[in-house]
Amino acid sequence: MKLGIAGAGMIVVQGLLEFVHDIEGIELLGICATKRSEEMLKLDEIDTVYVAINNHLHYEFSKKAILAGKHVICEKPFTVHVDELKELIALAKQHNVMLLEAITNQYYPNYLELKKQLSRVGSIHVVSCNYSQYSSRYDAFKRGEVLPAFNADMAGGALMDLNVYNVHFNAGLFGMPKDVQYFANIEKRVDTSGILILDYGSFKSVCIAAKDCAGPSQAVIEGENGYLEVEGSASVCSAVAYTYRDTKEEGRFNSHPDVHRMKFEFIEFERIVREKDWKRVEEGQQESLIVMEIITRAREKAGL
């Protein structure tokens, strides 16, 4: 993979750049965070672009990268509206390039193990996810300084920034819910926190995210035969505790406690591109479509 990066925010500087040089098969050839990012798309030696710019620009820049014949790895949230993602998927297929969403939990070993363990909790009745962390940018927001994370016109807010991980957590396990409701705390047209309810018929999932307050982040799946508890946010599933009634088993698993949370996804992206694994690309896109459908409905319900 000959990689170019569009963006130079924290997700790049304190994320990707900390480990990308350690992944065999990825060669980083350029980083652009200005209008010159479009010039990077003209470089033939770059075959894949990681889109890590502000949320509202994901669709526009991903489209330009696809039209330039590049594979695209787009940071979450994929787009602002599900129709934008549908267009990008069709365009990527037309131009025979891969389109992938960078979302940590779907590639994290503990999440994959949780999937395998899921049937052991029996019939599921309640799922709860909380990803709340007080943002330093919220202080500036209250002073009247609106940065991208809280800018309504730039698709900021708790749903797009944090709750998207909870949505992916659920979508990857359970698919599309029957109904979506979003009850948001809104200031200056942006959701600073909110509660998303996903109705799966036989069970309900409550997804909480906040940037204006803090609390213990966790995700819990409760079934008739036990429960699985993610210790920490659903963004990485850093460790998972389990309790099963039938065998009276209790314990926890954590496969890779010291590995950077983003490393697993980029190891997999390199493999997908190298092996031309179109099946895995399509599987990821189908999940991303579910997530964007949920987010689109939630935003509409909350008037965002």
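These remarks concern the structure in this document.

Cut-offs used in this document
Residues numbered from 1 in each chain as written. Predicted model: local features only at pLDDT ≥ 70, side-chain atom pairs only at ≥ 80, totals over all residues. Heavy atoms only, no water. Helix = DSSP H or I, 4+ residues; strand = E, 2+ residues; numbered from the N terminus. Rg over C-alpha atoms; globule rule 2.2 N^0.38 Å. Buried < 20%, exposed > 50% of the residue type's maximum accessible area, 1.4 Å probe, protein only. Contact = heavy atoms within 4.5 Å. Areas by Shrake-Rupley, 256 points an atom, 1.4 Å probe, with all protein chains shown as cover. Lys, Arg positive; Asp, Glu negative; His and termini not counted. Charge placed at Lys NZ, Arg CZ, Asp CG, Glu CD. Pairing = 2+ DSSP bridges. Axes fitted to C-alpha atoms, helices over the stretch in contact; angles between N-to-C directions. Parallel < 35°, antiparallel > 145°, perpendicular 65-115°, else oblique. Expected span 1.5 Å × (residues − 1). Core = buried A, V, L, I, M, F, W, Y, C linked by side-chain atoms within 4.5 Å. Left-handed = near helix turned anticlockwise from the far one by under 90°. Nonpolar A, V, L, I, M, F, W, Y, C, P; charged D, E, K, R; others polar.

**Quick notes on the overall build of the protein chain**
Then, in step 1: Counting its regular elements, the protein chain contains nine helices and 13 strands.
Then, in step 2: For the protein chain, the C-alpha radius of gyration of 19 Å lies close to 19 Å, the compact-globule estimate for 304 residues.
Then, in step 3: Within the span of the protein chain, comprising 304 residues, buried residues form 54% of the whole.
Then, in step 4: At a minimum sequence separation of 6, the contacts of the protein chain that also span at least 24 residues come to 70%.
Then, in step 5: Here the protein chain displays about 13,400 Å² of accessible surface, and carbon together with sulfur accounts for 50% of that area.
Then, in step 6: Taking the average place of the 34 positive charges on the side chains of the protein chain and the average place of its 43 negative ones, the gap between the two points comes to 2 Å.

**Digging into the pairing of strand 11 (residues 226-231)**
Side chains on a regular strand alternate between the two faces of the sheet.
Then, in step 1: In strand 11, alternate side chains face the same way, and those of G226, L228 and V230 are buried while those of Y227, E229 and E231 on the opposite face are not.
Then, in step 2: Examined bridge by bridge, strand 10 (residues 218-223) and strand 11 share six bridges and lie antiparallel to one another. The residue bridging E222 from the neighbouring strand is Y227, located in strand 11.
Then, in step 3: Linkage of strand 10 to strand 11, two consecutive antiparallel strands, is achieved through a turn of two residues.
Then, in step 4: With five bridges connecting them, strand 11 and strand 12 (residues 240-244) associate as antiparallel partners. Note that in strand 12 the partner of L228 across the bridge is Y242.

**A closer look at the packing of helix 3 (residues 58-67) against helix 4 (residues 82-94)**
Then, in step 1: The interhelical angle for the contact between helix 3 and helix 4, taken along N-to-C directions, is 10°, at an axis separation of 10 Å. On the basis of the axis angle, helix 3 is roughly parallel to helix 4. Across the interface between the two elements, Y59, S62, K63, I66 and L67 of helix 3 pack against E84, E87, L88, L91 and A92 of helix 4.

**Points about helix 7 (residues 158-174)**
Then, in step 1: Its 17 residues place the ends of helix 7 22 Å apart at the C-alpha level, agreeing with the 24 Å of an ideal helix rising 1.5 Å per residue.
Then, in step 2: Summarising burial for helix 7: 16 of the 17 residues are buried, a large majority.
Then, in step 3: Count one or two residues on from helix 7 and you reach G175, which has phi positive near 80°.

**What about the sheet that holds strand 6 (residues 124-132)?**
Then, in step 1: Overall, mixed pairing links the eight strands, which are arranged 7-8-9-6-10-11-12-13 in an open sheet. Of all strands in the sheet, those bounded by a partner on one side alone are strand 7 (179-187) and strand 13 (249-253). For this sheet the average axis-to-axis angle between neighbouring strands, irrespective of direction, equals 10°.
Then, in step 2: Here strand 7 pairs with strand 8 (residues 190-199) via nine bridges, running antiparallel. Bridged to Y182 within strand 8 is L196.
Then, in step 3: Together, strand 6, strand 7, strand 8, strand 9 (204-210), strand 10 and strand 11 form the strand contacts of helix 7, whose direction differs from that of strand 9 by roughly 155°.
Then, in step 4: Running at roughly 55° to strand 7, helix 9 (residues 278-302) makes contact with strand 7 and strand 8 of the sheet.

**So, the nonpolar core**
Then, in step 1: Core analysis: the biggest nonpolar cluster contains 93 residues, and Y50, F169, L196, I221 and F266 have the highest contact counts within it.
Then, in step 2: For this core, the leading source of residues is helix 7, giving 11 residues.
Then, in step 3: L196 has contacts with L159, N163, V167, V180, Q181, Y182, S205, V206, C207, I294 and A298, leaving out every residue within four places of it along the chain.
Then, in step 4: Ranked by size, the runner-up nonpolar core spans five residues in total, among them F141, A149, F150 and V190.

**Quick look at the packing of helix 7 against helix 9**
Then, in step 1: Running from amino to carboxyl end, helix 7 crosses helix 9 at an angle of 130°, the nearest separation of the two axes being 9 Å. When the axis of helix 7 is compared with that of helix 9, the two are oblique. Seen along the crossing, helix 7 lies across helix 9 with a hand that is right-handed. Contacts between helix 7 and helix 9 pair L159, M160, V164, V167, H168, A171 and G172 from the former with E287, S288, I290, V291, I294, I295, A298 and R299 from the latter.
Then, in step 2: Split into classes, the residues belonging to the contact of helix 7 with helix 9 amount to 10 nonpolar, three polar and two charged.

**A look at the sheet that holds strand 5 (residues 99-102)**
Then, in step 1: Strand order across the open sheet formed by five strands is 2-1-3-4-5, with parallel pairing between neighbours. Only two strands of the sheet have a single partner each, and these edge strands are strand 2 (27-32) and strand 5. Between one strand axis and the next, the sheet turns through 20° on average, direction left out of account.
Then, in step 2: The pairing of strand 1 (residues 2-6) with strand 2 spans five bridges and is parallel. Residue pairing across strands places A6 opposite C32, the latter belonging to strand 2.

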